[in-house]
Amino acid sequence: MTVPCVTANDETIAEAANALRAGQLVAFPTETVYGLGADATNDEAVARIFEAKGRPRFNPLIVHVSGKEEAGQHVTFMPEAEKLAAAFWPGGLTLVLPRRADTPLSLLVSAGLDTVAIRVPAHSIAQRLIEATGRPLAAPSANASGKVSPTRAEHVVESLGHSPLLAMVLDGGACEMGLESTVIGFPEGGTPTLLRPGAIARDDIEKVLGAPLADPEPQSDEAGRSSPGQLASHYAPNAPIRLNVREKENDEILLGFGPDAPSLGASLNLSVKGDLTEAAANLFAMLRALDEQAAGRRLAVMPVPHDGLGEAINDRLSRAAADRG
Ligand code: TXA
Ligand code: MG
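Here is a short report on the structure shown in this document.

The rules we used
- Residues numbered from 1 in each chain as written.
- Chains lettered and ligands numbered in written order.
- Predicted model: local features only at pLDDT ≥ 70, side-chain atom pairs only at ≥ 80, totals over all residues.
- Heavy atoms only, no water.
- Helix = DSSP H or I, 4+ residues; strand = E, 2+ residues; numbered from the N terminus.
- Rg over C-alpha atoms; globule rule 2.2 N^0.38 Å.
- Buried < 20%, exposed > 50% of the residue type's maximum accessible area, 1.4 Å probe, protein only.
- Areas by Shrake-Rupley, 256 points an atom, 1.4 Å probe, with all protein chains shown as cover.
- Lys, Arg positive; Asp, Glu negative; His and termini not counted.
- Charge placed at Lys NZ, Arg CZ, Asp CG, Glu CD.
- Pairing = 2+ DSSP bridges.
- Axes fitted to C-alpha atoms, helices over the stretch in contact; angles between N-to-C directions.
- Parallel < 35°, antiparallel > 145°, perpendicular 65-115°, else oblique.
- Left-handed = near helix turned anticlockwise from the far one by under 90°.
- Contact = heavy atoms within 4.5 Å.
- Nonpolar A, V, L, I, M, F, W, Y, C, P; charged D, E, K, R; others polar.
- Salt bridge = Lys/Arg side-chain N within 4 Å of Asp/Glu carboxyl O.
- Polar contact = N/O pair within 3.5 Å; in protein donor to acceptor, adjacent residues only side chain to side chain.
- Arc of directions from axis to C-beta.

1. Observations regarding the overall build of the protein chain
Move 1: Scanning the protein chain from N- to C-terminus turns up 9 helices and 14 strands.
Move 2: For 325 residues, the compact-globule estimate of 2.2 N^0.38 gives 20 Å, and the protein chain sits close to it at 19 Å.
Move 3: For the C-alpha atoms alone, the extent of the protein chain along its principal axes is close to 60 × 50 × 35 Å.
Move 4: Every one of the 325 residues in the protein chain was classed for burial, and the buried ones make up 54%.
Move 5: Looking at the protein chain as shown, the accessible area adds up to about 13600 Å², and 50% of this sits on carbon and sulfur atoms.
Move 6: Side chains of the protein chain carry 28 positive and 41 negative charges; the gap between the two charge centres is 2 Å.

Dropping the structure here:
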């Protein structure tokens, strides 16, 4: 049996809200990627997320709320966090902030840390679902752990559709940004830190802060990492990947970028115009499509410039290419 995948409307959103309040999981669209949602105040519901994804326990989850005011019930804001929330919420920015002692959030969403990653999604279906549920929603990307993030409802059905833990998928079409949110941490007394590049470019955040973001300490072990999503092989298709390829080899299929790609034999092009926003929106869907066509071949990816959203795209590509042992 596969999970029901229904067009989001008032009726199906109300049904999804009931399922969430009953502790079930619902996948829903956001402007970044599809989320696998659970009532963030219900430990069992949150645990089901880890189970459905087959995700290692130490990965904390992002909590989605209706607005800044609701976020203030769960975490404390320092001045820089206030500035970023004012500039980018609702939208693709996640802030990792100290947990309030009186928050009803499940401890499991923090996976043992004294912080909570929180964001206000801009997508109207996500907003309506949070409102109808009347609870904060914990939601990682709605894919099996270690696989690429879903940017369409069909991707969720392919990846998690057979999980008996998932009650329904709300279909809201393709995600506008197609790349997960940017995650910013605020170490005590330290500089705001770019924990995960994503939908909002570093430059835009630095402009609002009026200062450069710090980069996280390199972390090689699985204990004590501050953003466990940095796990090297977090975004892995099945086929091996070679990056920065200008000439395709015979046993490869090429993922192109820019106007030269067709003449180099690319099967798909992240952006013919060389537009990084368009490339970001296409990234996961194209990796997925090429992975399906690979039939034993490697995926070769043309160079993508490192500026703007290129940083996040290259981050995802290098994780996808990382040796998965
Ligand atoms: O766009 C997105 O962010 C999507 C949509 C559904 O909102 N969600 C998403 O969630 O990508 P997930 O669970 O796949 O990624 C959460 C990221 C991971 O890198 C995780 O390590 C980091 O946020 N994170 C969560 N809580 C944290 C915490 N307390 N401290 C540090 N990093 C945290
Ligand atoms: Mg994910």
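There is more to say after this.
2. Considerations on the sheet that holds strand S2 (residues 25-28)
Move 1: If you trace the 10 strands from one edge of the open sheet to the other, you get S1-S8-S2-S3-S7-S4-S6-S5-S9-S10, paired in mixed fashion. Either end of the sheet is taken by a strand with one partner, and the two such strands are strand S1 (5-7) and strand S10 (193-196).

3. Focus: the packing of helix H1 (residues 10-21) against helix H5 (residues 124-133)
Move 1: Where H1 contacts H5, the two axes come as close as 9 Å, and the packing angle between them is 50°. When the interaxial angle is binned, H1 and H5 end up oblique. Between H1 and H5 the crossing geometry is right-handed. Judged by residue contacts, Asp10, Ile13, Ala16, Ala17, Leu20 and Arg21 of H1 engage Ile125, Arg128, Leu129, Ala132 and Thr133 from H5.
Move 2: A per-class count over the contact of H1 with H5 returns 7 nonpolar, 1 polar and 3 charged.

4. Describing the pairing of S2
Move 1: Neither face of S2 is left uncovered, since the one carrying Leu25 and Ala27 and the one carrying Val26 and Phe28 both have all their residues buried.
Move 2: Where S2 and strand S8 (residues 166-171) come together, 3 bridges link them in parallel fashion. Note on S8: the bridge partner recorded for leucine 25 is leucine 166.
Move 3: Sheet topology note: the S2/strand S3 (residues 35-39) ladder contains 3 bridges and is antiparallel. Looking across to S3, one finds that valine 26 is bridged to glycine 37.

5. Considerations on the pattern of salt bridges
For side chains of opposite charge, pairing can occur when their charged atoms come near one another.
Move 1: Taken as a whole, this structure holds 19 salt bridges when the rule is applied.
Move 2: The salt bridge partner of arginine 298 is aspartate 251, with a shortest N-O separation of 3.5 Å. Of the two residues, arginine 298 is situated in strand S14 (residues 298-301) and aspartate 251 in the loop between strand S11 (241-242) and strand S12 (252-256); the sequence distance between them amounts to 47 residues.
Move 3: The closest approach of N and O atoms between arginine 319 and aspartate 315, which form a salt bridge, is 2.9 Å. You can see arginine 319 and its partner aspartate 315 sitting in helix H9 (residues 310-321), 4 residues apart, about one turn around the helix.
Move 4: Residue classification places arginine 319 among the buried positions, given a relative accessible area of 10%.
Move 5: Through salt bridges with shared partners, a single ionic network connects Arg242, Glu249, Asp251, Glu252 and Arg298.

6. With respect to the environment of glycine 92
Move 1: Mapped onto the elements of the fold, glycine 92 is located in the loop between helix H4 (79-88) and strand S5 (93-98).
Move 2: Classification of glycine 92 as buried rests on a relative accessible area of 1%.
Move 3: Contact partners of glycine 92, with chain neighbours within four places excluded, come to Glu31, Thr32, Arg119, Ser181, Thr182, Ala199 and Ile200.

7. Things to note about the sheet that holds strand S13 (residues 266-269)
Move 1: Judged by pairing direction, the sheet is parallel, and its 4 strands sit side by side in the order S11-S14-S12-S13 without closing on themselves. Two strands lie at the open edges of the sheet, namely S11 and S13, each paired on one side alone.
Move 2: Two elements, S12 and S13, share 3 bridges in a ladder whose sense is parallel. Residue pairing in the sheet places leucine 254 in a bridge with alanine 266 of S13.

8. A closer look at the side chain of serine 106
Move 1: Within the secondary structure, serine 106 sits in the loop between S5 and strand S6 (115-119).
Move 2: Within the local environment of serine 106, its side chain forms a polar contact with the backbone nitrogen of leucine 108, the two atoms lying 3.0 Å apart.
Move 3: If we skip the residues at most four places from it in the chain, serine 106 touches Ala40, Thr41, Asn42, Asp43, Val46 and Arg99.

9. Brief notes about helix H7 (residues 202-209)
The periodicity of an α-helix, 3.6 residues per turn, causes residues three or four positions apart to be oriented the same way.
Move 1: Those residues of H7 not exposed but buried are Arg202, Ile205, Glu206 and Leu209. Considered in projection along H7, the buried side chains sweep an arc of 100° and stay on one side of the axis.
Move 2: Its buried side turned inward, H7 meets H4, S5, strand S9 (182-185), S10 and H9.
Move 3: Phi turns positive, to about 70°, at glycine 210, one or two residues after H7.

Function cannot be inferred from these measures alone, as they are strictly geometric.
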